[in-house]
Amino acid sequence: MSSIEVGGKSYETDEEGYLLNLSEWNAEVADYIAKTENIDMSDQHWEVVNFLREYFEEYQIAPAVRVLTKSIGKKLGADKGNSEYLYGLFPYGPGKQACKIAGLPKPTGCV
Amino acid sequence: MLHIVNKSPLTSNTLESCLNTATGGDILLIEVGVYAVTRGTAVEAKLRAAMGKFRVHVLMPDLDARGLGDRLVEGVLPVDYAGFVELAASNKTCQSWL
Amino acid sequence: MSEVKKFMFVNRKAPYGTIYALESLEVVLITAAFDQDVSLMFLDDGVYQLKKGQQTKGIETKNFSPAYRALEDYDVEKLYVDKESMDARGLTEEDFLVSVTVLSRAEMGALMDEQDVVLSF
């Protein structure tokens, strides 16, 4: 079991740094995880992270990258629903990195 | 005595075996067994017949989990976990039909 | 991408008593992410997986039923329910949280024969 220390509070994570307890997530933790991924959170980053949290709330799964891309396109427009845009924000994979920052489990099917 | 059934009545003969063997008293349906007490199933008639001979209870958290809390056959007695414990404590013996 | 194969998932177990239903769903999502032709079959107690209104707080188990509604996003749109199993459980199409195609046992069997890969749960 691993953990991270943010603002004097300890949060349990798996060995890859994904939060174990979804309900503990907050913006401060998100910022912290983003830093460990070398990401500076902009409004565009937040838009994707918030989208993922809403998706999880609705369906109880973290979507695969292909599904995420398609759904973002539907909701936020085609200029955002494409891999160039999403990989631009999350270079190591929008599924992997954005889910981690959003406090969600790694997407099913993401190896 | 108390008889506990945790198998689906539609894919296993566990409930039937219980009903054919037990002589009376309390029956408690838990886990997948709770489907037996929902209206409209192929085993409803059998269940209703058994209710003349047994007090039939169902563990409600298990029925709610399966989205069927609103489809309980009338006369079946709903219990929560505390009720489960009470049933186990108030009966001298208990058979789990595993 | 290599050739697309026809995958069928045969679901025969009720949710929560055993791990089958959840495991099946996870493999479905993985398979679909690889652009395969996926269809799901629900028969016997498997039809209970699709029941609307599951509330699992009381049994402290994750309610995974909302994920069936995400299958559409994964382009998994072929969901078949066996009529006999549905009827025997007092269920109708309106009881399901996604839209399904209701088939007879014979039609289900014929559909199984058409597959390249059949996964049993």
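Refer to the structure printed above.
This write-up is about the structure you can find in this document.

A short note on the interface of chain A and chain C
And then number 1: In this assembly, 16 residues from chain A lie in contact with 16 residues from chain C.
And then number 2: Glu-58 of chain A is the partner of Arg-69 of chain C in a salt bridge, and the nearest nitrogen-oxygen pair spans 2.9 Å.
And then number 3: Summed over the shared surface of chain A and chain C, the number is nine residue pairs in polar contact (both at pLDDT 80 or more).
And then number 4: Looking at the side of chain A that touches chain C, the elements with two or more residues in it are helix H2 (43–59) and helix H3 (65–76) of chain A.
And then number 5: Ranked by residue count, the leading element in the side of chain A that touches chain C is H3 of chain A, at five residues.
And then number 6: Of the residues belonging to the side of chain A that touches chain C, the class tally is eight nonpolar, four polar and four charged.

Re the sheet that holds strand S4 (residues 101–103) of chain C
Residue and element names in this part refer to chain C.
And then number 1: The strand order across the open sheet built from five strands is S4-S3-S2-S1-S5, with neighbouring strands paired in parallel fashion. Edge positions in the sheet fall to S4 and strand S5 (117–120), since each has one partner strand and no second. Looking at each pair of strands side by side, their axes are set apart by 25 degrees on average, direction ignored.
And then number 2: As defined by bridge partners, strand S3 (residues 78–82) adjoins S4 across three bridges and the pair is classed as parallel. Pairing of Tyr-80 across the sheet is with Thr-101, part of S4.
And then number 3: Relative to the sheet, helix H1 (residues 20–33) contacts strand S1 (6–11) and strand S2 (37–42), its axis offset from that of S1 by approximately 170 degrees.
And then number 4: Strand contacts of helix H3 (residues 105–113): S1, S2, S3, S4 and S5, with the helix running at about 140 degrees to S3, the strand carrying the most contacts.

Overview of the packing of H2 of chain A against helix H5 (residues 94–101) of chain A
In a pair of packed helices, the angle between the axes and the distance between the axes together describe the arrangement.
Residues and elements named next belong to chain A.
And then number 1: Contact pair H2 / H5: the axes reach a minimum separation of 9 Å and the direction vectors enclose 80 degrees. When the interaxial angle is binned, H2 and H5 end up roughly perpendicular. Within the contact between the two elements, H2 uses Val-48, Val-49 and Leu-52 and H5 uses Ala-98, Cys-99 and Ile-101.
And then number 2: Tallied by class, the residues present in the contact of H2 with H5 amount to six nonpolar, no polar and no charged.

Reading the values: the criteria
Residues numbered from 1 in each chain as written. Chains lettered and ligands numbered in written order. Predicted model: local features only at pLDDT ≥ 70, side-chain atom pairs only at ≥ 80, totals over all residues. Heavy atoms only, no water. Contact = heavy atoms within 4.5 Å. Salt bridge = Lys/Arg side-chain N within 4 Å of Asp/Glu carboxyl O. Polar contact = N/O pair within 3.5 Å; in protein donor to acceptor, adjacent residues only side chain to side chain. Helix = DSSP H or I, 4+ residues; strand = E, 2+ residues; numbered from the N terminus. Nonpolar A, V, L, I, M, F, W, Y, C, P; charged D, E, K, R; others polar. Pairing = 2+ DSSP bridges. Axes fitted to C-alpha atoms, helices over the stretch in contact; angles between N-to-C directions. Parallel < 35°, antiparallel > 145°, perpendicular 65-115°, else oblique.

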